[in-house]
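Survey of secondary and tertiary structure
Given next are the chains, with one letter for each unit.
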Amino acid sequence: MMQLDAKIPEGPIAEKWDNHRFAIPLVSPANKRKFSVIVIGTGLAGASAAATLGELGYRVKAFTYHDSSRRAHSIAAQGGINAAKNYQGDGDSIFRLFYDTVKGGDYRSREANVYRLAQVSNEIIDQCVAQGVPFAREYGGLLANRSFGGAQVSRTFYARGVTGQQLLLGTYQALARQVSAGTVELFTRSEMLEVVVAEGKAVGVVVRNLVTGEVTSHSAHAVVLATGGYSNVYYLSTNAMACNGTAIWRAHRKGALFGNPCFTQIHPTCIPASDEFQSKLTLMSESLRNDGRIWVPREIGETRSASEIPEEERDYYLERRYPAFGNLVPRDVASRAAEQVINEQRGVGPLRNGVYLDFAEAIGRLGRDTIEERYGNLFEMYERITDENPYETPMRIYPAPHYTMGGLWVDYDLMTTIPGLYSIGEANFSDHGANRLGASALMQGLADGYFVLPYTIGGYLAGMLGTDPVPTSHPAFAEAEQDVRDRVARLLGTNGSRTIDWFHRELGKIMIEECGMARSENGLRKAISEIATLREEYHRDVKVPGDGVSMNESLEKAGRVADFFELAELMCHDALYREESCGGHFRLEHQTDEGEARRDDERFTHVAAWGFGGVGAEPSLTREELEFEYVELSQRSYK
Amino acid sequence: MDITLKVWRQEGPDAAGRFETYQATDVSPDMSFLEMLDILNERLTLDGEVPIAFEHDCREGICGTCNLMIDGHPHGPQMGTATCQLHMRKFSDGDTITVEPWRAAAFPIIKDLAVDRSAFDRIIEAGGHIGAPTGSAPDANLILIPKDAVDAAMDAALCIGCGACVAACPNGAAQLFVAAKYAHLSLLPQGQPERFRRAEAMVDTMEEYFGACSNHAECEAACPKSISIDFIALLNRDYVRAKWRNRRLAGQSV
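Presented here is a report on the structure given in the accompanying data block. Keep in mind it's a predicted model, so treat the numbers as computed, not measured.

Next up on the list: the overall build of chain A. Helix and strand counts for chain A stand at 17 helices and 19 strands. Dimensions of chain A along its principal axes, counting C-alpha atoms only, are 75 × 60 × 50 Å. A burial count over chain A gives 61% of its 639 residues as buried.

Let us look at the overall build of chain B. Check the secondary structure of chain B and you find nine helices and seven strands. Looking at chain B as a whole, 53% of its 254 residues are labelled buried. Look at the contacts in chain B between residues 6 or more apart in sequence, and 71% of them connect residues 24 or more apart.

What follows deals with the nonpolar core. Membership of the largest hydrophobic core comes to 287 residues, with the highest contact counts inside it found for Val37, Val224 and Leu225 of chain A together with Cys165 and Val166 of chain B. Sorting elements by how many residues they give to this core places helix α16 (residues 553-577) of chain A first, with 13 residues.

Facing the 63 residues of chain B at the interface are 61 residues of chain A. The element contributing the most residues to the side of chain B that touches chain A is helix α1 (residues 33-46) of chain B, with seven residues. Partitioning the side of chain B that touches chain A into residue classes produces 31 nonpolar, 18 polar and 14 charged.

Moving on to the sheet that holds strand β17 (residues 421-423) of chain A. Residue and element names in this part refer to chain A. Judged by pairing direction, the sheet is parallel, and its five strands sit side by side in the order β5-β2-β1-β9-β17 without closing on themselves. Only two strands of the sheet have a single neighbouring strand rather than two, namely β5 (184-187) and β17. On average, each strand axis in the sheet is inclined to that of its neighbour by 20°, with strand direction left out of account. Here four bridges tie strand β2 (residues 59-63) to β5, and the two strands are oriented parallel to one another. Across the sheet, Phe63 pairs through a bridge with Phe187, a residue of β5.

All names here are of chain A. Spatial strand order, β16-β10-β18-β19: four strands in an open sheet with antiparallel pairing. Two strands bound the open sheet, and with one partner strand each, they are β16 (407-408) and β19 (620-625). Relative to β16, strand β10 (residues 258-259) runs antiparallel, the two being bridged by two bridges. Bridged to Gly259 within β16 is Gly407.

For the rest of this paragraph, the subject is the environment of Arg253 of chain A. All names here are of chain A. Mapped onto the elements of the fold, Arg253 is located in helix α7 (residues 246-253). What makes Arg253 partly exposed here is the crowd of 16 C-beta atoms within 10 Å. Sequence-wise, Arg253 and Gly611 are 358 residues apart; in three dimensions their C-alpha atoms are separated by 8.1 Å.

Next up on the list: the packing of helix α5 (residues 175-186) of chain B against helix α8 (residues 230-244) of chain B. Residue and element names in this part refer to chain B. Across the interface, α5 lies against α8 with an axial gap of 8 Å and an inter-helix angle of 75°. Between α5 and α8, the crossing angle belongs to the class labelled roughly perpendicular. In contact with Gln175, Leu176, Val178, Ala179, Ala180, Tyr182, Ala183 and Ser186 of α5, α8 contributes Phe231, Ile232, Leu234, Leu235 and Asp238. Considering only residue class, the contact of α5 with α8 consists of 10 nonpolar, two polar and one charged.

All names here are of chain B. Of note, the phi angle at Arg59 is positive, near 55°, even though the residue is not glycine. Along the chain, the position of Arg59 falls in the loop between α1 and β3 (69-70). The phi angle at Asp112 is positive, at roughly 45°, despite the residue not being glycine. Considering the arrangement of structural elements, one finds Asp112 in the loop between β6 (109-111) and β7 (114-115).

Right, let's get into the pairing of β2 of chain A. Residue and element names in this part refer to chain A. Judged by how many residues are buried, β2 sits mostly within the fold: five of five residues are covered. Side-chain alternation along β2 places Arg59, Lys61 and Phe63 on one buried face and Val60 and Ala62 on a second face that is also buried. In terms of handedness, the path from strand β1 (residues 36-40) via helix α3 (residues 44-56) over to β2 forms a crossover that is right-handed.

Moving on, we come to helix α3 (residues 147-157) of chain B. Of all the residues in α3 of chain B, the buried ones are Val150, Ala152, Ala153, Met154, Asp155, Ala156 and Ala157 of chain B. Looking at the buried residues of α3 of chain B, the elements they touch are α6 (163-181) of chain A together with α5 and α8 of chain B.

To continue, consider α6 of chain A. Since the α-helix advances by 3.6 residues per turn, residues separated by three or four positions end up pointing in the same direction. All names here are of chain A. With 19 residues, α6 ought to run about 27 Å at 1.5 Å a step, and its terminal C-alpha atoms sit 27 Å apart, in line with that. Judged by how many residues are buried, α6 sits mostly within the fold: 17 of 19 residues are covered. Looking one or two places after α6, you find Gly182, whose phi comes out positive at around 85°.

Residue and element names in this part refer to chain A. Structurally, Pro394 is set in the loop between α11 (368-386) and β15 (395-404). According to the C-beta neighbour criterion, Pro394 is buried, with 22 such atoms within 10 Å. Counting along the chain gives 37 residues from Pro394 to Leu357, while the straight-line C-alpha distance between them is 5.6 Å. Among all residues touching Pro394, those that are not within four sequence positions of it are Ala306, Tyr356, Leu357 and Asp358.

Residue and element names in this part refer to chain B. Contact geometry for α3 and α5: axes closest at 8 Å, N-to-C directions at 155°. By the angle between their directions, the pair α3 and α5 is classed as roughly antiparallel. Remark: the crossing between α3 and α5 carries left-handed chirality. On the side of α3, the interface is formed by Ala153, Ala156 and Ala157, while α5 contributes Ala180, Ala183 and His184.

This paragraph deals with the environment of Gly41 of chain A. Residues and elements named next belong to chain A. Tracing the backbone through its elements, the reader meets Gly41 in the loop between β1 and α3. Gly41 gets classed as buried once you count the C-beta atoms within 10 Å, which come to 30. Apart from the residues within four sequence positions on either side, Gly41 is in contact with Gly46, Thr64, Leu225, Ala226, Thr227 and Gly228.

Analysis parameters
- Just so you know, the residues in each chain are numbered from 1, in the order the chain's sequence is written.
- Written order decides the labels, with chains lettered from A and ligands numbered from 1.
- The model is predicted, so local features are restricted to residues of pLDDT at least 70 and side-chain atom pairs to those at 80 or more, both for listing and for counting; the totals for chains, interfaces and linings are taken over all residues.
- A helix here means a DSSP run of H or I that spans at least four residues, while a strand means a run of E at least two residues long, and both kinds are numbered starting from the N terminus.
- Any residue surrounded by 20 or more other C-beta atoms within 10 Å of its C-beta is treated as buried, while 12 or fewer makes it exposed and the intermediate range makes it partly exposed; C-beta atoms here are placed from the backbone.
- Any residue pair is listed as a contact if its two C-beta atoms, each placed from the backbone, are within 7 Å.
- A set of buried residues qualifies as a nonpolar core if it consists of Ala, Val, Leu, Ile, Met, Phe, Trp, Tyr and Cys joined through C-beta atoms within 7 Å.
- Residues are grouped as follows: Ala, Val, Leu, Ile, Met, Phe, Trp, Tyr, Cys and Pro are nonpolar; Asp, Glu, Lys and Arg are charged; every other residue, Gly included, is polar.
- Note: two strands are recorded as paired if DSSP finds a minimum of 2 bridges between them.
- Only the stretch in contact is used when fitting a helix axis, every axis being a line fitted to C-alpha atoms; angles between N-to-C directions are given from 0 to 180 degrees.
- An angle below 35 degrees is treated as roughly parallel, one above 145 as roughly antiparallel, one from 65 to 115 as roughly perpendicular, and anything else as oblique.
- When the strands point away from the viewer and the connection leading from the first strand across the helix to the second strand turns clockwise, the crossover is called right-handed.
- A helix is expected to span 1.5 Å for every residue after the first.
- By convention the crossing between two helices is left-handed if the near helix lies anticlockwise of the far one by an angle smaller than a right angle, and right-handed if it lies clockwise.

Bear in mind that shape data such as this cannot, by itself, settle questions of function.
This is the structure:
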């Protein structure tokens with residue numbers, strides 16, 4: 001089998017990044033303006049990359065399907081961002097953040113990348129504070145920290161419950177500054193629908209204007225995809241409505257390998273669905289688990305309300321099963337435990353699809369004012385959605401798809417297997433292994449965009465000095481444009497009998513059932529065949545209203561759902577292949593006697609990177625072996 | 001619940017618009033307002049009609065994309081709530097609800113209920129930022145900021161850029177949006193070096209697009225994040241000061 005080379009620099013792990021930065025050829029300031037770079041997506045990763053590349057002097061074209069780069073879904077992250085500052089003096093260090101992240105990812109991430117992430121985490125906080133991000137402070141004026149998502153040190157920086165918003169506004173403003181300076185040309189309401197590859201390299205993109213329907217080509221020396229994750233493959237997720245996998249899927253179809261597609265994160269604290277027309281799920285910050293206690297009734301089919309159930313008839317199942325970590329076990333463990341008690345018919349709420357998250361004990365201990373100061377905005381949001389007051393009745397929560405650790409395979413430089421095509425942030429597979437720890441997504445997006453890509457891309461560009469980008473008159477552009485126009489025309493012309501959302505909901509049901517929190521060989525085989533059938537039906541029977549020359553949200557969605565079908569099949573293939581349980585990937589055949597995940601390090605200490613084999617055809621597998629020199633592989637235990 | 005909807009339909013920026021009436025039946029009180037529109041759009045699609053164009057994305061009240069004028073109120077009747085977090089339980093069976101786009105000259109209609117709010121981005125580009133090139137920052141704890149100051153900045157920074165303030169204003173002014181961003185940056189020590197330059201750049205750009213503020217305070221009532229008009233006072237004061245201040249002496253006189 002072919003092996004992938006991640007191009008990890010030589011030397012001790014603490015020196016790899018420094019050595020590599022020294023080894024990367026520099027592009028002189030006068031030459032930087034001779035290079036053009038396309039950035040797709042302007043969330044945390046994309047906007048920080050575009051702004052930094054612009055500051056450095058490159059000519060940047062940035063594209064977003066939103067009306068403004070301030071709308072990207074990074075904005076919805078609530079809890080915080082990790083850094084190894086050790087400001088609290090509680091024993092944190094770069095090595096500990098690195099170690100925790102590799103362990104939290106269940107030993108399926110690349111050591112060198114994660115170490116670099118931990119190293120630059122400190123620079124991110126400095127950068128964001130300098131930009132005016134209003135992180136929480138102590139009375140003495142120093143930055144405040146909290147412990148988050150099961151970490152045993154307080155390394156999380158936060159801005160009330162809206163850390164993602166404040167960080168994204170920081171990148172948005174940095175980008176706006178470059179737009180104003182003329183170094184970045186920003187195209188809003190523009191969706192990338194094809195990567196253009198010529199002479200074996202990524203040379204540009206084809207985008208569609210979402211207001212006029214106009215399809216245009218753009219060429220550059222390099223292309224960066226920062227287009228986020230694909231949790232919306234499940235239909236119901238915490239992602240924004242427009243989040244999609246089209247950009248990375250189009251790149252995959254053009255030859256970029258897809259790493260660990262089945263590694264998805266189901267977040268334990270979301271508000272349960274209230275009916276089948278629910279359009280999306282709302283996340284309640286994981287920080288709630290710091291003070292809330294999770295329980296369900298002991299008895300199956302309990303009908304009393306929470307307040308009527310006496311203490312001895314409640315099952316605080318996380319505290320019972322995991323006495324050491326209790327309610328703060330990692331996300332994958334908490335989600336699976338919730339699914340188990342609900343499958344046992346012990347769920348709560350009108351649809352019996354939730355578990356309680358109870359603050360009564362914390363309110364009694366700390367007082368209502370303290371709880372209000374810590375979680376006031378979250379409690380308000382919960383009440384707005386459910387009409388229940390969490391100060392009086394326990395919250396109801398349920399796991400929901402939230403983040404995808406899988407993504408385009410990238411090397412140490414964040415380059416995909418297509419030369420000149422980079423992938424950063426959630427769109428790549430790199431740093432979180434099989435499970436992401438809380439407050440690490442914001443960290444990775446900004447690490448890639450501010451501090452990694454702007455260096456590494458220089459090495460690729462330096463080798464192209466004196467060459468112009470492949471012009472958009474190259475036949476590869478015409479071909480890609482025609483392909484986009486054909487796809488749009490086909491979707492509009494199908495004129496079937498079912499709506500796009502109907503198909504998307506059906507796909508979501510298959511995926512959450514068979515490729516969600518628990519997966520099995522039979523289930524996955526069934527899913528692959530059902531998805532294929534549904535996909536064929538989609539292309540025969542979907543009804544896409546409106547036209548292709550004005551704003552048409554249905555048409556946008558139709559293209560994204562078409563790509564989700566193909567991506568869903570790949571996720572199931574990957575989940576079927578990985579005959580072990582690790583992190584968010586739980587195979588029912590591979591568990592301990594106590595029902596915990598059982599890894600198979602002998603056979604699966606590698607990244608599964610898949611190549612596109614054609615629609616409905618078997619994908620081809622390439623592996624990147626993972627070597628652990630600094631972290632000792634152990635069975636994760638939170639007991 | 002059964003609801004009658006009067007919805008503004010307009011094919012494009014230059015087309016003539018009109019109200020169309022639709023019936024939404026079997027609406028669950030637990031549905032969000034946008035989910036009610038989703039279901040109506042599904043039905044329109046199956047009936048061979050063109051669905052209603054409206055903007056939305058995160059559906060958590062934070063991205064600022066959704067923007068409906070509901071019965072004459074930006075984001076509807078519930079205070080401190082964006083359209084996407086408004087639920088049908090706030091309405092009654094048999095209600096007739098009027099749904100319009102934001103009404104402001106600076107926000108031209110794109111289609112139906114969708115408008116172009118890019119004038120906001122022009123203001124941010126002009127001065128809504130702190131110049132801190134990547135990599136040049138000192139250690140984060142070298143800048144001490146009193147908790148009260150950062151809390152005040154945070155109150156302003158909550159703005160989601162939805163434009164409800166403009167839609168609510170009889171003058172179509174954007175003072176609350178501009179003041180919120182201005183105050184966020186200018187209440188912090190990091191924002192001081194560019195403070196008065198920022199005041200001028202943001203206000204001057206704002207005036208190219210938006211009407212003038214006359215302190216009606218409708219904006220504060222409409223704001224889904226309940227941002228205070230106190231920040232407008234700060235902005236106005238600093239704009240005046242910026243006009244007579246000699247910035248070369250700023251280090252001596254702040």
